[in-house]
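# Coordinates in review
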Amino acid sequence: MSRDFSFPPFDLSRLLKTVFAPRPGERIALLIDLPDPRRVRDFGFLSDPSSSVQRLAHEVFFEGLRQGVSKELGLRGGDLFAYEETGGSNLELPEEAFDVEGKRLLFDRDLYPNFDILLCFSRFSATAPLTAKAKAFGFRGATMHGLNRTILATGLSVDYEQVSRQAELLRRGLAGADRFRIDYRIGGQDFSLTLETAGAAAQKSHGLCRGENPDIVNLPAGEVYFVPTGAEGDFPLRLEDGSLAIVRVSGGRAQAARPFSGDPARIALYNRRLAEDPAAGAVGELGFGTQELPPSGQDIQDEKILGTFHIATGRSDHLGGPLGPSSFRHPRNATHDDILFAPFKSPELRVPQVRMERKEETRILLEDYRLGPYFRELLGRAQ
């Protein structure tokens with residue numbers, strides 16, 4: 001997957017025009033998360049070096065809109081609001097937010113009904129809760145959690161018309177899959193995971209969010225995904241401290257992890273969470289990256305890289321799956337946690353093959369993170 005990358009300079013106007021095709025007079029707003037959302041007052045968060053995502057959102061998006069992009073696109077607003085960070089991926093957002101004057105506002109009363117486009121820059125992903133609110137209130141938007149300068153210069157500088165076309169080639173090629181089989185090899189041991197998809201239509205995250213249909217997109221975009229109907233087998237899991245575990249999957253959900261290397265106590269905490277709330281272990285996504293991008297150090301871009309794939313556990317309602325917040329025993333457990341498999345993420349882990357089975361045929365998609373014969377065929381690429 002090593003190659004030279006070349007991208008045009010980032011252009012905020014081009015990005016918003018391509019992604020949203022905004023209509024004159026539409027109102028746009030920016031959301032950020034902060035440990036203390038009151039620090040948005042008078043832009044106090046700009047002095048906090050730990051708020052790098054939020055400061056970059058202010059510098060590039062807030063100032064960019066104010067300095068001419070809003071006028072160019074005929075947009076109104078451009079206001080900035082902050083909410084208290086949730087502490088977990090795709091947890092429900094709080095009820096309140098604050099503006100730069102320090103005024104307390106309510107999302108459902110003051111924000112969601114009054115804006116047509118919402119851009120969210122955060123530490124923790126807000127894609128799932130904002131997707132539900134978009135459908136309820138009729139707005140469009142994008143989540144850009146983990147935004148950094150690499151993402152700006154690469155994943156947000158691409159032509160999203162082309163991203164959409166390439167994602168569609170892979171989406172059509174995977175549609176109707178019955179199951180996927182993934183082989184893993186780590187430390188001389190082999191494991192495998194089977195994910196059932198029951199002939200479902202593949203879905204795509206392609207970055208275009210236009211027209212009257214309310215929706216939320218991830219930016220950077222570029223993946224094809226399924227919500228599995230079942231899963232059996234094992235997969236390796238790297239925890240935040242670097243500990244490795246082998247997770248046993250049965251009945252469509254992660255049942256328990258056994259230590260492979262690292263701190264057994266951290267793995268015990270993971271098992272405690274699965275025991276406390278079985279929905280947290282539900283296998284809710286299988287996704288394949290479709291873009292040629294450099295690693296950014298943030299999964300929001302890195303899971304979109306062609307040759308990588310990811311599975312996710314937990315919440316799946318924003319992907320068309322059955323699990324929403326009410327499916328969990330406690331709201332704090334209603335996360336959607338992506339597990340990315342990529343050579344730069346877990347170099348000690350090999351993935352000899354990822355295969356799709358459909359009717360009587362088996363197609364090789366990936367081999368050690370390189371495009372397998374079927375993906376090359378779909379993309380019109382030689383050996």
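Quick note: structure is the one above.
A short tour of the structure in this document, coming up.

Moving on: the pairing of strand β3 (residues 96–99). Summarising the sheet, strand β2 (residues 76–84) and β3 pair through two bridges and their orientation is antiparallel. Note that in β3 the partner of alanine 82 across the bridge is phenylalanine 98. Between β3 and strand β4 (residues 104–106), which pair antiparallel and follow one another directly, the connecting turn spans four residues, one of which, glycine 102, has a positive phi of 90°.

Moving on to the packing of aromatic side chains. Enumeration over the complete set of coordinates arrives at 14 aromatic pairs. Note on tyrosine 83 and phenylalanine 107: the rings are 6.0 Å apart at their centroids and 65° apart in plane angle, and the pair reads as edge-to-face. Here phenylalanine 107 lies in helix α3 (residues 107–111) and tyrosine 83 lies in strand β2, a separation of 24 residues in the sequence. With relative accessibility at 1%, the residue tyrosine 83 sits in the buried group. By relative accessible area, phenylalanine 107 is classed as buried at 1%.

With that out of the way, let us pick up unusual backbone geometry. For the peptide bond that leads from leucine 219 to proline 220, omega is 0°, which places it in the cis range. A positive phi angle, near 60°, is found at phenylalanine 43, a position not held by glycine.

Next up on the list: the sheet that holds strand β10 (residues 215–218). Sheets are built from strands paired through backbone hydrogen bonds, the pairs being either parallel or antiparallel. Judged by pairing direction, the sheet is mixed, and its seven strands sit side by side in the order β4-β3-β2-β1-β5-β6-β10 without closing on themselves. One side of each edge strand has no neighbouring strand; the edge strands of this open sheet are β4 and β10. Across this sheet, the average inter-strand angle for adjacent strands is 30°, counted without regard to direction. Of the pairings in the sheet, the one linking strand β5 (residues 117–121) to strand β6 (residues 140–143) comprises four bridges and is parallel in character.

What follows concerns the environment of arginine 181. Mapped onto the secondary structure, arginine 181 falls in strand β7 (residues 177–186). Residues arginine 181 and serine 164, spaced 17 residues apart in sequence, show a C-alpha to C-alpha distance of 26 Å. Ignoring sequence-local partners within four residues, the contact set of arginine 181 consists of Leu193, Thr194, Gln353, Val354, Arg355 and Glu357. In terms of polar contacts, arginine 181 uses its side chain to reach the side chain of threonine 194, at 2.9 Å.

Looking now at the packing of helix α1 (residues 12–20) against helix α2 (residues 52–73). Running from amino to carboxyl end, α1 crosses α2 at an angle of 65°, the nearest separation of the two axes being 9 Å. By the criterion of interaxial angle, the relationship of α1 to α2 is roughly perpendicular. You can see that α1 and α2 cross each other, and the crossing is right-handed. Listed contacts from α2 to Leu12, Ser13, Leu15, Leu16 and Lys17 of α1 are Val60, Phe61, Gly64, Leu65, Val69, Glu72 and Leu73. Its residues placed into classes, the contact of α1 with α2 shows eight nonpolar, two polar and two charged.

What follows deals with helix α6 (residues 160–174). Compared with an ideal rise of 1.5 Å per residue, which puts 15 residues at 21 Å, α6 spans 21 Å between its outermost C-alpha atoms and is within 8% of the ideal. What α6 keeps buried is the set Tyr160, Val163, Ser164, Gln166, Ala167, Glu168, Leu170, Arg171, Gly173 and Leu174. Capping the start of α6 is the job of one residue whose side-chain oxygen sits 2.9 Å from the backbone nitrogen of glutamate 161: aspartate 159. Just downstream of α6 lies glycine 176, where phi reads positive at about 85°.

For the rest of this paragraph, the subject is empty space enclosed by the protein. Summed over all chains, the structure comprises one cavity of 30 Å³ or more. The computed volume of the largest cavity comes to approximately 30 Å³. Looking at the largest cavity, the residues that line it are Arg14, Leu15, Thr18, Leu156, Ser157, Val158 and Tyr160. For the lining of the largest cavity, the element with the highest residue contribution is α1, accounting for three residues. Residues belonging to the lining of the largest cavity are distributed by class as follows: four nonpolar, two polar and one charged.

This brings us to the sheet that holds strand β16 (residues 309–314). Strand order in the open sheet made by the five strands is β9-β11-β15-β16-β17, with antiparallel pairing throughout. Two strands lie at the open edges of the sheet, namely β9 (203–205) and β17 (336–341), each paired on one side alone. Across this sheet, the average inter-strand angle for adjacent strands is 25°, counted without regard to direction. As paired strands, β16 and β17 are joined by six bridges and run antiparallel to one another. Across the sheet, the residue bridging to isoleucine 311 is isoleucine 339, located in β17.

Criteria and thresholds
Residues numbered from 1 in each chain as written. Predicted model: local features only at pLDDT ≥ 70, side-chain atom pairs only at ≥ 80, totals over all residues. Heavy atoms only, no water. Pairing = 2+ DSSP bridges. Helix = DSSP H or I, 4+ residues; strand = E, 2+ residues; numbered from the N terminus. Phe/Tyr/Trp six-rings, centres within 6.5 Å; stacked < 30°, edge-to-face > 60°. Buried < 20%, exposed > 50% of the residue type's maximum accessible area, 1.4 Å probe, protein only. Axes fitted to C-alpha atoms, helices over the stretch in contact; angles between N-to-C directions. Contact = heavy atoms within 4.5 Å. Polar contact = N/O pair within 3.5 Å; in protein donor to acceptor, adjacent residues only side chain to side chain. Parallel < 35°, antiparallel > 145°, perpendicular 65-115°, else oblique. Left-handed = near helix turned anticlockwise from the far one by under 90°. Nonpolar A, V, L, I, M, F, W, Y, C, P; charged D, E, K, R; others polar. Expected span 1.5 Å × (residues − 1). 1 Å grid on protein atoms, 1.4 Å probe; cavity = no way out; pocket = protein on both sides within 12 Å on 5 of 7 lines; lining within 4 Å. Points joined across faces, edges and corners; volume = space filled by probe spheres on them.

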